[in-house]
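Spelled out from the first residue to the last, the chains are:
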Amino acid sequence: METNFLEISNLHKSFGHKNVLKNINFSMQKGHIVGLIGANGAGKTTIMKAILGILTFDGKITIANQEVSINQHRPLESVGALIEYPGLYPYLTGREQLRLFATGKNREEKVNNIIQKLHMERFANQKTKSYSLGMKQKLGVGLALLNDPQLVILDEPMNGLDPKATKELRDLIVSEKNNGVTFLISSHILSELQRIADDVVVINHGEIVTATTMENLLAANKKFYLIETDNNQLTADLLLRNNYQVEQQAALKIPITDNFSINNLLQLLLSANITILDIKQQDGDLEESLLQVLDGQGAQNDNLN
Amino acid sequence: MITLIRQEFYKLFKQRSTQLFLIVLFAFQLFFAVISMKYPKFYSPKDAFTSNYFASAPILFFMIAICSMLITKERQFGTLRSLLYRKFSYVQVILSKIITLVLFIVSTVICSSVISVIFKFIFANKVDLTEKIWKDFLFTNLNDFLTLLFLISLVILLGTLVNSSNLALTIGIIGYFVLNVFNQLLFAAIAKFEWLKWNPLNMMNLGVQIQSSSYHQLTHLTMTQISIGYIVYVLIFLCLAVYSFRKKSV
Ligand SMILES: Nc1ncnc2c1ncn2[C@@H]1O[C@H](COP(=O)(O)OP(=O)(O)OP(=O)(O)O)[C@@H](O)[C@H]1O
Ligand SMILES: [Mg+2]
């Protein structure tokens, strides 16, 4: 059964006269990984802070059907989070830090578990003031996962992680997800979440641009054939006459539209005696298309103001 | 709440400064115990004991220091928000901190008293434990404790209002000296303007007035008035601290 674990409706937030969040609505299904994508200052952290009850806001946020607000923290019992940067006591070791925040029974087991899961054995017994950026980040993620949370909120968790650690973290997130944990993960880089997120919420200037499944977002992302011939100009004219779209670059860039058939295209070129030097299929640049969406939106907003 | 208090104690005792403080406190008392034994004329063993071997001085400074940094340190470490985005409310978080401090102060005062009694038997065995000496000793402790409690509730309030550890600490320490000086001036002022007796500083004399009721002539407050006044002011300071903490952005 699919249930909405987290629901946000009509979320508004302003700091003084500055409207930072405008009518945010989205929900998250239990056991899904949701990516929250937006540029710097888009409002990702602010949304997360609202969910965690450390901001006043207008609107309604529920976790497992229980309402959260600055005065109502009960539902946060099953939530773990890392917001912006990990807050650490410099005089404690990583292990002590975990011990401090571990609650419930078998605390020591939980601590060892996290150290193992995040591959922190090497530096767990070192004071955190001597940690590198990546070590701190790992410990911060570890703290978020410590008390077997149902919902985990991670604000740019890949910050400062090397490629190996990034992959390890991705794998860990997926394996936790398979255990039924729900994730909200923010990033300004879509590709970082492309492989793991089930759903994406894209925000810009405090407004939702799209809230959809990752699959849909990827589907909307056009694929191309890049074709190189002995006479690109001639080929382009020929294709345009035959109702193909051509985005001419160094090579001919032909978006793959519905009912597209590579056979037909090749036949057309061959029958015109055009020599094909090279042909390859290419995925569209997700980031680029996202930026286009964002830019379009930004321009719209500016017009409105 | 028990969880929160347990966590606060864990942090407190893991800090080098706390460990150092406990050692210094012991050394401090030992120093004065030895001095009073070696130079009884300069510093009589009886006075040394009844003054708790001056334990109140290090206790006071250390407590002011940690109270003033109660919130600012957490902010500096970036840990304040991780304390708050849990199932616990803002009020529970700040209350757990205050309760931990009060428990720590009470146990430190008790420990230092026990140490004083032990030192008395080791270094001042000749002093007879008359009822008067016992009383003086207990009153010193009570007075120190009451002064401290009043001060820290004020410092905790300050600590929630300002955002810098150093500022809160400086205000706390300077505040203590200023309070002491003003206290004398205030008595003169109260003699002139009766209503001034209700000012918070005057309530800090609760301890001395318990010890010698003649203090009533200086404070112009009856025992009941000063007791209630004391409690009310402490509660007001702490409530304001809780309120200002709830308004913090993290
Ligand atoms: N305490 C605050 N007071 C005033 N403005 C704030 C405050 N916190 C955030 N803002 C503003 O809200 C907007 C959104 O900030 P937020 O931190 O949510 O962005 P973000 O999407 O997390 O960006 P980044 O990718 O840089 O982390 C920004 O314009 C920021 O200036
Ligand atoms: Mg942010």
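## Regarding the overall build of chain A
Item 1. Each helix and strand in chain A was counted, giving 10 helices and 14 strands.
Item 2. By principal-axis analysis of the C-alpha atoms, chain A measures approximately 75 × 45 × 40 Å.
Item 3. A buried classification covers 50% of the 305 residues belonging to chain A.
Item 4. Contacts spanning at least 24 positions in sequence make up 66% of the contacts within chain A whose residues lie at least 6 apart.
Item 5. By element, 45% of the accessible surface of chain A is carried by carbon and sulfur atoms, the whole surface being about 15100 Å².

## Digging into the site of ligand 1
All names here are of chain A.
Item 1. Neighbouring residues of ligand 1: Phe15, Lys18, Val20, Ala39, Asn40, Gly41, Ala42, Gly43, Lys44, Thr45, Thr46 and Glu156.
Item 2. One nitrogen or oxygen atom from the side chain of Lys18 is found 3.0 Å from an oxygen atom belonging to ligand 1.
Item 3. Contact with the protein chains hides 65% of the accessible area of ligand 1, taken as 640 Å² for the molecule alone.
Item 4. Elements with a minimum of two residues in the shell around ligand 1: strand E2 (18-29) and helix H1 (44-51).
Item 5. Of the residues forming the shell around ligand 1, the biggest block, 3 residues, is contributed by H1.
Item 6. Each residue belonging to the shell around ligand 1 can be placed in one class, and the counts come to 4 nonpolar, 5 polar and 3 charged.

## As for the sheet that holds strand E1 (residues 4-15) of chain A
Residue and element names in this part refer to chain A.
Item 1. Here 4 strands make up an open sheet; going across it, the order is E2-E1-E4-E5 and the pairing antiparallel. Since the sheet does not close on itself, it has two edges, and those belong to E2 and strand E5 (66-68), each with one partner. Taken pair by pair, the neighbouring strands of this sheet meet at an average axis angle of 25 degrees, ignoring direction.
Item 2. The pairing of E1 with E2 spans 8 bridges and is classified as antiparallel. Bridge pairing in E2 places Leu6 opposite Met28.
Item 3. Of the strands in this sheet, E1, E2, strand E4 (58-63) and E5 are in contact with H1, which crosses E1 at around 115 degrees.

## Regarding the packing of helix H2 (residues 94-101) of chain A against helix H3 (residues 107-117) of chain A
All names here are of chain A.
Item 1. The geometry of H2 relative to H3 is characterised by a closest axis approach of 9 Å and an angle of 135 degrees between their N-to-C directions. Classified by the interaxial angle, the pair formed by H2 and H3 is oblique. By crossing handedness, the relation of H2 to H3 is classed as right-handed. Taking contact as the criterion, the partners of Arg95, Leu98 and Arg99 in H2 are, on H3, Glu108, Val111, Asn112, Ile114 and Ile115.

## A short note on the pattern of salt bridges
Item 1. This structure, assessed with the given rule, holds 17 salt bridges over all chains.
Item 2. A salt bridge links Lys87(B) to Glu77(A), with the shortest nitrogen-to-oxygen separation between them at 3.2 Å. Taken together, the positions of Lys87(B) in the loop between helix H6 (80-84) and helix H7 (90-123) and Glu77(A) in the loop between E5 and strand E6 (79-82) put the pair across two chains.
Item 3. Overall, Lys87(B) belongs to the partly exposed group, its relative accessible area being 28%.
Item 4. A salt bridge links Asp136(B) to Lys132(B), with the shortest nitrogen-to-oxygen separation between them at 2.6 Å. Placement of the pair is Asp136(B) and Lys132(B) together in helix H8 (residues 131-161), with a separation of 4 residues, close to one helical turn.

## Things to note about the interface of chain A and chain B
Item 1. Contact with chain A, which involves 29 residues of that partner, is made by 24 residues of chain B.
Item 2. Summing both sides of the interface, chain A and chain B together bury roughly 2400 Å²; the carbon and sulfur share of this comes to 56%.
Item 3. Joining chain A to chain B, the criterion identifies 3 salt bridges.
Item 4. One salt bridge connects Glu96(A) with Lys14(B), and the closest N-O pair in it is separated by 2.9 Å.
Item 5. Broken down by element, the side of chain A that touches chain B gets its largest block of residues, 4 residues, from H2(A).
Item 6. Grouping the constituent residues of the side of chain A that touches chain B by class yields 16 nonpolar, 5 polar and 8 charged.

## Thoughts on a nonpolar patch on the surface
Item 1. A cluster of nonpolar side chains, contributed by Met1(B), Val91(B), Leu95(B), Ile99(B) and Leu103(B), occupies part of the molecular surface with about 340 Å² of accessible area.
Item 2. Within the secondary structure layout, Leu103(B) lies in helix H7.

## Thoughts on the sheet that holds strand E3 (residues 33-37) of chain A
Hydrogen bonds between backbone groups are what pair the strands of a sheet, and the pairing can be parallel or antiparallel.
Residue and element names in this part refer to chain A.
Item 1. Read across the open sheet, the 6 strands follow the order E6-E7-E8-E3-E9-E10; overall the sheet is mixed. Of all strands in the sheet, those bounded by a partner on one side alone are E6 and strand E10 (207-213). In this sheet, neighbouring strand axes are inclined to one another by 15 degrees on average, regardless of whether the strands run parallel or antiparallel.
Item 2. Where E6 and strand E7 (residues 151-155) come together, 4 bridges link them in parallel fashion. Directly across from Val79, in E7, lies its bridge partner Leu151.
Item 3. Against the sheet, H1 engages E3, E7, strand E8 (182-187) and strand E9 (199-204), with an angle of about 150 degrees to E8.
Item 4. Where helix H5 (residues 163-178) meets the sheet, its contacts fall on E3, E7 and E8, and the angle it forms with E8 comes to roughly 150 degrees.

## A look at the environment of Thr18(B)
Residue and element names in this part refer to chain B.
Item 1. Residue placement: Thr18 occurs in helix H2 (residues 16-38).
Item 2. Through-space distance from the C-alpha of Thr18 to that of Leu148 is 17 Å; in sequence the pair is 130 residues apart.
Item 3. Of note is the side chain of Thr18, whose polar atom sits 2.6 Å from the backbone oxygen of Leu12.

## Examining the nonpolar core
Item 1. Counting residues in hydrophobic clusters, the biggest one holds 134 residues, and the most contacted among them are Ile153(A) and Met63(B).
Item 2. The greatest single-element share of this core, amounting to 10 residues, is contributed by H8(B).
Item 3. Among residues more than four places away in sequence, those in contact with Met63(B) are Phe21(B), Phe104(B), Ile105(B), Thr108(B), Leu148(B) and Ile152(B).
Item 4. Among the nonpolar cores identified, the runner-up in size contains 15 residues, and Ala33(B), Phe49(B), Phe119(B) and Ala124(B) belong to it.

## Focus on the domain arrangement of chain A
Item 1. Each domain of chain A was delimited in the assignment, giving domain 1 (4-212) and domain 2 (224-282).
Item 2. One C-alpha centre belongs to domain 1 of chain A, the other to domain 2 of chain A, and the line joining them spans 46 Å.

## A few points about H3(A)
All names here are of chain A.
Item 1. Every buried residue of H3 is listed here: Lys110, Val111, Ile114 and Ile115. The buried residues of H3 occupy an angular sector of 130 degrees when projected down its axis, which confines them to one face. Opposite the packed face of H3, turned more than 90 degrees from it, sit the exposed residues Glu109 and Gln116.
Item 2. Next to the buried residues of H3 lie H2 and helix H4 (133-145).
Item 3. Just beyond H3, the residue with positive phi is His119, at close to 55 degrees.

Each value, and the rule that gives it
Residues numbered from 1 in each chain as written. Chains lettered and ligands numbered in written order. Predicted model: local features only at pLDDT ≥ 70, side-chain atom pairs only at ≥ 80, totals over all residues. Heavy atoms only, no water. Helix = DSSP H or I, 4+ residues; strand = E, 2+ residues; numbered from the N terminus. Buried < 20%, exposed > 50% of the residue type's maximum accessible area, 1.4 Å probe, protein only. Contact = heavy atoms within 4.5 Å. Areas by Shrake-Rupley, 256 points an atom, 1.4 Å probe, with all protein chains shown as cover. Near = heavy atom within 4 Å. Polar contact = N/O pair within 3.5 Å; in protein donor to acceptor, adjacent residues only side chain to side chain. Nonpolar A, V, L, I, M, F, W, Y, C, P; charged D, E, K, R; others polar. Pairing = 2+ DSSP bridges. Axes fitted to C-alpha atoms, helices over the stretch in contact; angles between N-to-C directions. Parallel < 35°, antiparallel > 145°, perpendicular 65-115°, else oblique. Left-handed = near helix turned anticlockwise from the far one by under 90°. Salt bridge = Lys/Arg side-chain N within 4 Å of Asp/Glu carboxyl O. Buried area = accessible area lost by both parts, 1.4 Å probe. Patch = residues over 30% accessible without salt bridge, like charges linked within 9 Å, V, L, I, M, F, W, Y side chains within 5 Å. Core = buried A, V, L, I, M, F, W, Y, C linked by side-chain atoms within 4.5 Å. Domains from an automatic or database assignment. Arc of directions from axis to C-beta.

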